[in-house]
Protein chains: 2
Amino acid sequence: MPRAGLSHDAVVRLALQVVDDGGSRGFAELSLAKVAAKAGVAAPSLYKHVGSLADLRREVAVLAIREVTAASTAATVGRAGADALHALANAWRSYAREHPGRYAATQIGPDPEDPADARQRDAAAEGVQVVVAVLRGFGLPDDRVIDAVRAVRAGVHGFVMLELGGGFRMREDVDQSFAVLLDMLVAGVAALGTPNALLEHDTPGSHR
Amino acid sequence: MPRAGLSHDAVVRLALQVVDDGGSRGFAELSLAKVAAKAGVAAPSLYKHVGSLADLRREVAVLAIREVTAASTAATVGRAGADALHALANAWRSYAREHPGRYAATQIGPDPEDPADARQRDAAAEGVQVVVAVLRGFGLPDDRVIDAVRAVRAGVHGFVMLELGGGFRMREDVDQSFAVLLDMLVAGVAALGTPNALLEHDTPGSHR
DNA sequence: CCGCCTTGGCTAATGGGCGTAGCTTTATGG
DNA sequence: CCATAAAGCTACGCCCATTAGCCAAGGCGG
């Protein structure tokens, strides 16, 4: 008979706890049952505060995306060029390591059709804008920026993904490998700004 | 009363169909119920051929990993250097685009503890060996090879992941962006073989 | 050709998760 | 002090994985 005093935000907070508790599998294993247990409440009671499990997952995803974005912007404020790119990438990776479950929430592709995923899509787009801003500092031609953004996103996201998934043996050297990747990306992006350095020597197999 | 004539392999084949039918969500949404429906059989009957859903998923994962590996080796045989790296990356990406569900199966991190995941871990290790072999052709110092392998895996895997997840707007330019990423990786790996080109100019924020 | 036994299918039933319906109680505000 | 909206609850239906136990199909030895 006593009330638990839940609310929409409280439920989302509890969901985040569940996600965080579950390590990198936390988001995949998020369930209303677990949230209800943590709230000390029967599962159907949650529907007073949340539309569905899918809604809750979306909400967690948006929140996680915004957190990564916030960490990235905070890390890059007042920096430029290679310095900014390093800070961005390190902030990104740090977030993923500190909140593997939340980072996994980031990773689900929103359905471009579904209007329910709109906020998620917008949040993701905002996150990309941080990368765009950092890379604009390299003075690339406008039509190369998109390639640079994609390369950086792919490299950092891929590295983090593999690291979280246990794809690397020998944990000790991972920091150095990340630094090497970053140097490659910095050099590659810089080279994109100075034509004829990279792309023009023909590369068989690419540019189909 | 007529027999369906199933077998272990037949069930796995049907599971692959289910995975393929489901697009990039196919693996996540793989269920015994769907396999049974496709087989024209009641769900519990599948347990005569398969230990559990988890077993079936593992089996699909191993198979997919081996297919990516096979495609990669086939593409790089008789090639070396940048040529081989391009072929490897393109084969990898092509596989993911042609079999998004199976590629997703590749992505689940095997539990390093669980002996049931051993075959999966071994298969993944074999796949990495192809990358190692290709990158050895660049004549890197031994202690740099691991960094190069990780950078290439991260870049290609990350790109493919983002592409499959719908992370890129403007589909038309994706091929070019991939080519740019590859050029960055080729240049970066090549530079790893010629010290002082990249790593030594100090890069604030990295090498913590 | 016959019966046996392995094998592959079945139905029934359990347990767990999501989600809906409808009841009850709390607490709030007039 | 009561009315009512909000926040719980229980009961239920549905889907899925999994277990248990039954039955028939069909190959094989006699």
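Residues numbered from 1 in each chain as written. Chains lettered and ligands numbered in written order. Predicted model: local features only at pLDDT ≥ 70, side-chain atom pairs only at ≥ 80, totals over all residues. Heavy atoms only, no water.

(A) Spatial organisation of the protein's contact with DNA strand D. The environment of DNA strand D is made up of 19 residues, and the closest members are Arg3(A), Ala42(A), Ser45(A), Lys48(A) and Tyr47(B). Atoms of DNA strand D within 4 Å of the protein: sugar and phosphate make up 54%, bases the balance. Within the side chain of Lys48(A), a nitrogen or oxygen atom sits 2.8 Å from a base oxygen of DNA strand D. One of the side-chain nitrogen or oxygen atoms of His49(A) is found 2.8 Å away from a phosphate oxygen of DNA strand D. Class assignment of the residues belonging to the surface near DNA strand D gives a composition of 11 nonpolar, five polar and three charged. (Near = heavy atom within 4 Å. Polar contact = N/O pair within 3.5 Å; in protein donor to acceptor, adjacent residues only side chain to side chain. Nonpolar A, V, L, I, M, F, W, Y, C, P; charged D, E, K, R; others polar.)

(B) Just the protein's contact with DNA strand C, in detail. Taken together, 19 residues form the shell around DNA strand C, and within it Arg3(A), Arg3(B), Ser45(B), Lys48(B) and His49(B) come nearest. Taking all atoms of DNA strand C within 4 Å of the protein, the share assigned to sugar and phosphate is 57%. Within the side chain of His49(B), a nitrogen or oxygen atom sits 2.6 Å from a phosphate oxygen of DNA strand C.

(C) Main features of the environment of Gly81(A). Counting through the fold element by element, Gly81(A) comes out in helix H4 (residues 81-98). Gly81(A) sits 76 residues away from His157(A) along the chain, and the two C-alpha atoms are 20 Å apart. (Helix = DSSP H or I, 4+ residues; strand = E, 2+ residues; numbered from the N terminus.)

(D) Summary view of the nonpolar core. If you look at the biggest cluster of nonpolar residues, it comprises 118 residues, and the most contacted ones within it are Val35(A), Leu135(A), Val156(A), Val35(B), Leu135(B) and Val156(B). Excluding anything up to four places from it in sequence, Val156(A) contacts Ala89(A), Trp92(A), Phe178(A), Leu181(A), Leu182(A) and Leu185(A). (Core = buried A, V, L, I, M, F, W, Y, C linked by side-chain atoms within 4.5 Å. Buried < 20%, exposed > 50% of the residue type's maximum accessible area, 1.4 Å probe, protein only. Contact = heavy atoms within 4.5 Å.)

(E) Seen up close, the interface of chain A and chain B. Each partner contributes to the interface: chain A provides 52 residues, whereas chain B provides 52 residues. With both chains or domains summed, chain A and chain B bury close to 4200 Å², and 60% of this area falls on carbon and sulfur atoms. Taken as a group, Arg150(A), Asp183(A) and Met184(A) account for 16% of the area that chain A buries against chain B, more than any other trio of residues on that side. Where chain A packs against chain B, one counts zero salt bridges. Inspection of the region where chain A meets chain B yields 12 residue pairs in polar contact (both at pLDDT 80 or more). Among the elements of the structure, H4, helix H6 (118-136), helix H7 (142-164) and helix H8 (174-193) of chain A are those that each provide at least two residues to the side of chain A that touches chain B. Each residue belonging to the side of chain A that touches chain B can be placed in one class, and the counts come to 22 nonpolar, 16 polar and 14 charged. (Buried area = accessible area lost by both parts, 1.4 Å probe. Salt bridge = Lys/Arg side-chain N within 4 Å of Asp/Glu carboxyl O.)

(F) Seen up close, the packing of aromatic side chains. Here the structure, examined in full by the defined rule, presents four aromatic pairs over all chains. Look at Phe159(A) and Phe168(A): their rings are 5.0 Å apart centre to centre, the planes differ by 50°, and that puts the pair in the tilted class. Overall, Phe159(A) belongs to the buried group, its relative accessible area being 0%. Phe168(A) gets classed as buried once you look at its relative accessible area, which sits at 9%. Aromatic side chains Phe159(B) and Phe178(B) sit 4.9 Å apart centroid to centroid with 50° between the ring planes, which places their arrangement in the tilted category. Linking Phe159(B) in helix H7 (residues 142-164) with Phe178(B) in helix H8 (residues 174-193), this pair joins segments that are 19 residues apart in sequence. Comparing Phe159(B) with Phe178(B) shows no difference in burial state: the two are buried. Aromatic ring contacts, followed pair by pair, group Phe159(A), Phe168(A) and Phe178(A) into a single cluster. Over the aromatic face of Phe178(B) sits the side chain of Arg93(B), whose NZ or CZ is 4.8 Å from the ring centroid. (Phe/Tyr/Trp six-rings, centres within 6.5 Å; stacked < 30°, edge-to-face > 60°. Lys NZ or Arg CZ within 6 Å of the ring centre and 35° of its normal.)

Purely spatial values, then, with no claim about function.
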